[in-house]
Amino acid sequence: LPLPPVTSPLLQLPRIQFAFGAIGMLPAELAHLGVKHPLFLTDKGLVAAGVFDKVRAAMPRGADLAVYDSIPENPTVAGVEAALALYRERGCDGVIAVGGGSVIDSAKATAVMATHPGRLPEYFRKPEKIGPNVATLVAIPTTSGTGSEVSRGAGIHATPTSRGEGINGPYIVP
């Protein structure tokens, strides 16, 4: 018997640049995606270790980057809301995650809330509420293990000590 037509993607593969020095491709990738004013999300540890300096060096000299570097070890609603406030204040048009799973999950949630109404908890465990108009999202993973840079989900905690909740759907794959 023939299979019925697929009406939604079963697997969405992200565009991946993998090479020594691939960070140098970031400006071209952003141009390809039409992103002119991204919000960079990272954490204080990566800034202190000089990792974010390599990202900054890849961007055009003198660029006024919007950077939110206070993503907590476990991503929280408050962290996403603070990042979203900076996104809106600076007139951003895309989100770039520079970090591990917590940063990438926070970036996914920020990208959703940049274009969707309401508050983030309204989207927990409701993938049908997340439409295709999510802000452009790029992930620059600095760790391996969580798989957040290629997954359809993100874990977010309502508070720093609460159990994590999730948002998911095909439109949050970086």
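Figured I'd write up the structure that's included with this text. Along every chain, residues carry numbers that run from 1 in the direction the sequence is written. Reporting of local features is limited, given that this is a predicted model, to residues whose pLDDT is at least 70; pairs of side-chain atoms are given and counted only at 80 or more, and all residues count toward the totals for whole chains, interfaces and linings. Only hydrogens and water are set aside when side-chain values are computed; all heavy atoms of the structure are taken into account.

### Observations regarding the sheet that holds strand β2 (residues 66-68)
What counts here: Between any two strands, at least two bridges found by DSSP are needed for them to pair. Comment: elements are numbered from the N terminus, with helices defined as DSSP H or I runs of at least four residues and strands as E runs of at least two. Angular values range over 0 to 180 degrees, each being the angle between N-to-C directions of two axes fitted as lines to C-alpha atoms, with helices fitted over their stretch in contact. The contact criterion used throughout is that any non-hydrogen atoms of two residues lie within 4.5 Å.
If you walk across this open sheet you meet the four strands as β2-β1-β3-β4, and the pairing is parallel. Looking at strand neighbours, the two that pair on one side only are β2 and β4 (136-141), the edges of this open sheet. Across this sheet, the average inter-strand angle for adjacent strands is 20°, counted without regard to direction. In the sheet, strand β1 (residues 38-41) pairs with β2 via three bridges, with the strands oriented parallel. Counterpart to F40 in the pairing with β2 is V67. Along the sheet, helix α4 (residues 77-89) contacts β1, β2 and β3 (94-99); its crossing angle with β2, the most-contacted strand, is approximately 170°. Most of the contacts of helix α5 (residues 101-113) go to β3, to which it runs at about 170°, and overall it touches β1, β3 and β4.

### Some thoughts on a nonpolar patch on the surface
What counts, and what does not: Residues qualify for a patch when their relative accessible area is over 30% and they have no salt bridge, like charges being joined within 9 Å and the nonpolar side chains of Val, Leu, Ile, Met, Phe, Trp and Tyr within 5 Å. Exposure was quantified through the Shrake-Rupley algorithm and a 1.4 Å probe, taking into account, for residues, occlusion by the shown protein chains and nothing else. Any Lys or Arg side-chain nitrogen found within 4 Å of a carboxyl oxygen on Asp or Glu counts as a salt bridge.
Taken together, the side chains of I16, F18 and V150 present a nonpolar region at the surface, about 370 Å² in accessible area. Topologically, F18 is positioned in the segment before α1 (26-33).

### Remarks on α1
For clarity, the cut-off: Note on exposure labels: buried denotes an accessible area under 20% of the residue type's maximum, exposed denotes more than 50%, and partly exposed covers the range between, all computed with a 1.4 Å probe on protein chains only. Think of the arc as the fan of directions from the helix axis to the C-beta atoms.
For α1, the full list of buried residues reads L26, E29 and L30. Viewed end-on, α1 has its buried residues packed into an arc of 100°, placing them on one side of the element. For α1, the exposed residues set more than 90 degrees away from the buried face come down to A28, A31 and H32. Residues of α1 that are buried in the fold lie against β1, α3 (51-58), β3 and β4.

### With respect to the pairing of strand β6 (residues 164-168)
In this structure, strand β5 (residues 153-157) lies alongside β6, joined through five bridges in antiparallel fashion. Its bridge partner being in β6, H157 is matched across the sheet by G164. What sits between β5 and β6 in their antiparallel hairpin is a turn of six residues.

### Digging into the packing of α4 against α5
Going by this rule: With respect to orientation, any angle under 35 degrees is reported as roughly parallel, any angle over 145 as roughly antiparallel, any angle of 65 to 115 as roughly perpendicular, and every other angle as oblique. Left-handed describes a crossing whose near helix is turned anticlockwise from the far helix by less than a right angle; the clockwise case is right-handed.
Following both chains from N to C, one finds α4 and α5 inclined at 50°, their axes separated by 9 Å at the closest point. One element, α4, and the other, α5, form an angle in the oblique class. Judged by the sense of rotation from one axis to the other, the crossing of α4 with α5 is right-handed. Taking contact as the criterion, the partners of V80, A83, L84 and R88 in α4 are, on α5, S106, A109, T110 and M113.

### Examining the nonpolar core
Just so we agree on the cut-off: We define a nonpolar core as any set of buried Ala, Val, Leu, Ile, Met, Phe, Trp, Tyr and Cys residues linked to one another through side-chain atoms lying within 4.5 Å.
Core analysis: the largest hydrophobic core is formed by 32 residues, its most contacted members being L39, L41, L120 and I167. Taken together, the elements giving at least two residues each to this core come down to β1, β2, α4, β3, α5 and β5. The element contributing the most residues to this core is α5, with seven residues. Apart from residues lying up to four places away in sequence, L39 is in contact with A66, V67, Y68, A83, L86, Y87, C92, G94, V95, I96 and T110. If you look at the next biggest cluster of nonpolar residues, it comprises 12 residues, including L26, V35, I96 and V138.

### Let's talk about the packing of aromatic side chains
We count it as follows: Two rings belonging to Phe, Tyr or Trp (six-membered ring only in the last case) form a pair when the distance between their centres is within 6.5 Å. Interplanar angles under 30 degrees mark stacking, angles over 60 mark edge-to-face geometry, and anything in between is tilted. Lysine NZ or arginine CZ positioned within 6 Å of the ring centre and within 35 degrees of the ring normal marks a charge as sitting over the ring.
Enumeration over the complete set of coordinates arrives at one aromatic pair. Looking at K129, its charged tip hangs above the ring of Y123, at a distance of 4.9 Å from the centre.

### Details of the environment of I96
You can see I96 is positioned in strand β3. I96 sits in the buried class, given a relative accessible area of 1%. Along the primary structure I96 and M113 are separated by 17 residues, whereas in three dimensions their C-alpha atoms are 14 Å apart.

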